[in-house]
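# Structural characterization, general
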Amino acid sequence: MKQFSILALTIFLLGNTFATASNSNTAKATETGIQFQNITFAQALQKAKHDKKLIFLNVYATWCAPCMSLQKTTFKSAKVGEVFNKNFINLSIDAEKGEGVGISQRYQVTAHPLMLVINGEGKVVKRILGYVNNEQLFSEMKSYIK
C-alpha cells in the first residue's frame, strides 16, 4: 500500500510539472505586445539589412521606474505589438549589463528610458526619451511605420 501511495504521488507530481510547463509555453506563445528578439545587436543589424527593416531598440535600466512602466504598459499593448512586430526588428537591452554597456556608450545614452530607431548601417534615425503611452509612441513613430 505504501509503494502504491508513493507511485501515485510521483505520477501526480510529474503530471502537474508537465501541465505547468505546457501552460507557461502557451502563455509565451500568446503574449501580446512587442516581441523583443533574443539576438545580439550585430545580429539585429544583419537582420535589419536583410529584411530591409529598422531596429527598434529599447534601452533601459533595471532601477528605472519609467522603464519598467513602459515595459508593463505600452510595450504590452496588443495594438503596439501588432504594428511593431510587423515593421521593426525589436530589441530591448539593459544599459548596464553585457553588450548594453557598449551600446550605451556608442549611442551616448545618458538618460532612461530611451528608445532608438536604428537603420541597418547602425545609424540612429530617431530618439525617443522618457515614458510614452501608446498614442504618443505611434505619433513619434508614424513616419517609420508602413
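Residues numbered from 1 in each chain as written. Predicted model: local features only at pLDDT ≥ 70, side-chain atom pairs only at ≥ 80, totals over all residues. Heavy atoms only, no water.

Strand order in the open sheet formed by four strands is β2-β1-β3-β4, with mixed pairing between adjacent strands. Bordering the open sheet on either side are β2 (88-94) and β4 (124-129), each of which pairs with just one other strand. The mean angle between the axes of side-by-side strands here comes to 15°, regardless of whether they run parallel or antiparallel. As defined by bridge partners, strand β3 (residues 114-118) adjoins β4 across five bridges and the pair is classed as antiparallel. Looking across to β4, one finds that V117 is bridged to K126. Across the sheet, helix α2 (residues 41-51) is in contact with β1 (54-60), β2 and β3; its angle to β2 comes to roughly 170°. Of the strands in this sheet, β1 and β2 are in contact with helix α4 (residues 78-87), which crosses β2 at around 105°. (Pairing = 2+ DSSP bridges. Helix = DSSP H or I, 4+ residues; strand = E, 2+ residues; numbered from the N terminus. Axes fitted to C-alpha atoms, helices over the stretch in contact; angles between N-to-C directions. Contact = heavy atoms within 4.5 Å.)

Moving on, we get to helix α5 (residues 99-106). Listed in full, the buried residues belonging to α5 are G100, I103 and S104. Take α5 and look down its axis: the buried residues cluster within an arc of 100°, on one side only. Contacts made by the buried residues of α5 are with α2, β1 and β2. Just past α5, the residue Q108 takes up positive phi, approximately 50°. (Buried < 20%, exposed > 50% of the residue type's maximum accessible area, 1.4 Å probe, protein only. Arc of directions from axis to C-beta.)

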